[in-house]
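The primary structure of each chain is shown beneath.
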Amino acid sequence: MNVKNVTKVGEEWVVDVGYEMGIAADWWQCVAADQKAGTVRVKAGADGALVLDSDVGLMRGGCPQPLPAEGRTRTPAKRPKGKAPKPTVADAKAAFKALDDALFAGDWVAVLDATACYNLYEDKPFGACSVGEVINVGPIPRGEMRMQDGPPWTMNAFKSIDAISNVKADRDDKTLFHVQVAEEKGKRKARHAAIQWVDGAWKAVGIVQRLGEGLTSVEYVNDLDRKDKRDIFDRRMKGEKIGPDGQPVHPDVMQR
């Protein structure tokens, strides 16, 4: 909401306002013009504090029902095959930066576009993710934490894209490469995320592998270079009803 003019009328202030969208989806085009501008009345409350005396919500307009569902539906695709070019560390950093920038901007459709997503709770997992799985994922913190950001996609394994170092090929999938994001330290093994060559571009690999009590989120640091983690992932990709720990789960648990 942008304030355009303020006029004192008696004991009230009449404020002319206009509404704009930072990221305008299709529905914004059909909101009636007279709803994108208006007046808001402000008055002093009993304690002297200023309070709104008008409804400032956008409640009307000629929008279709239901609203356009870009990014809301899960549209599975064929898992990438073939042979990819050998990525550099710079390629990996660029792929994860595109993801991080989209998360910081709150552009969930762009987040999905930057992600090679596997939803292990769908019959056809690859690509079967929606904005519902990324909306609770946050960017790498840039200064003070923002209220709108969820837990960072780095899963606290590392704090900067500069931490990305080695890139190694997957042993089976020619389109998949493992990216080291944290060095081995003591008894802790090195941590890895992954990138995948999808439609001529490198994308960050994200996996929906555990159901949350509220929002279910994509996970990006999955250590698929480890034999045990990869074995569980492959078995679930084939439809085996097991959880992220490899233990059997009741079929009802697999349903949302």
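Just above, that's the structure.
Residues numbered from 1 in each chain as written. Predicted model: local features only at pLDDT ≥ 70, side-chain atom pairs only at ≥ 80, totals over all residues. Heavy atoms only, no water.

Novice: Before we go on, may I ask you to explain the state of the cysteines in this structure?
Specialist: In a disulfide, the sulfur atoms of two cysteines are held together by a covalent bond. Per the stated rule, a full pass over the model turns up one disulfide. The partner cysteine of C117 in its disulfide is C129, sulfur to sulfur 2.0 Å. Disulfide C117-C129: the torsion about the S-S bond is -75°, which places it as left-handed. Note that C117 is positioned in strand β5 (residues 115-119) and C129 in the loop between β5 and β6 (167-169), a separation of twelve residues in sequence. For the pair formed by C117 and C129, the shared burial category is buried. (Disulfide = S-S within 2.5 Å. Helix = DSSP H or I, 4+ residues; strand = E, 2+ residues; numbered from the N terminus. Buried < 20%, exposed > 50% of the residue type's maximum accessible area, 1.4 Å probe, protein only.)

Novice: Looking at this structure, how should I read the sheet that holds strand β9 (residues 201-208)?
Specialist: Adjacent strands of a sheet pair through backbone hydrogen bonds, lying either parallel or antiparallel. Taken in spatial order, the five strands line up as β5-β9-β8-β7-β6 in an open sheet, and their pairing is mixed. Looking at strand neighbours, the two that pair on one side only are β5 and β6, the edges of this open sheet. Taking each pair of neighbouring strands and ignoring which way they run, the sheet shows an average axis angle of 35°. Pairing geometry for strand β8 (residues 191-198) and β9, over four bridges, is antiparallel. Within β9, the residue paired with I195 across the bridge is A204. (Pairing = 2+ DSSP bridges. Axes fitted to C-alpha atoms, helices over the stretch in contact; angles between N-to-C directions.)

Novice: Where do I start with helix α1 (residues 89-105) in this structure?
Specialist: Spacing of three or four residues puts side chains on the same side of an α-helix, whose turn is 3.6 residues. With 17 residues, α1 should reach 24 Å at 1.5 Å per residue; the first-to-last C-alpha distance of 24 Å fits that figure. If you check which residues of α1 are buried, you get A92, A95, F96, L99, D100, A102 and L103. Down the axis, α1 shows its buried residues gathered within 165° of arc, on one side only. Next to the buried residues of α1 lie α2 (108-113), β5, β6, β7 (176-182), β8 and β9. Remark: G106 follows α1 within two positions and exhibits a positive phi of approximately 70°. (Expected span 1.5 Å × (residues − 1). Arc of directions from axis to C-beta. Contact = heavy atoms within 4.5 Å.)

Novice: Before we go on, may I ask you to explain the nonpolar core in this structure?
Specialist: Most often, soluble globular proteins keep nonpolar side chains buried together rather than apart. Ranked by internal contacts, the top residues of the largest apolar core, which has 33 residues, are F96, L99, V111, W153, I164, I195 and Y220. Elements that contribute at least two residues to this core include exactly α1, α2, β7, β8 and β9. No other element matches α1, which puts six residues into this core. Beyond its immediate chain neighbours, meaning those up to four positions away, V111 contacts L99, A102, L103, V134 and Y220. Among the nonpolar cores identified, the runner-up in size contains twelve residues, and A116, V198, V205 and F233 belong to it. (Core = buried A, V, L, I, M, F, W, Y, C linked by side-chain atoms within 4.5 Å.)

Novice: Got a minute to help me understand the sheet that holds strand β4 (residues 50-52) in this structure?
Specialist: Strand order in the open sheet formed by four strands is β1-β2-β3-β4, with antiparallel pairing between adjacent strands. Each having just a single partner strand, β1 (2-9) and β4 make up the two edges of the open sheet. Strand-to-strand twist in this sheet, taken as the mean axis angle between neighbours without regard to direction, amounts to 30°.

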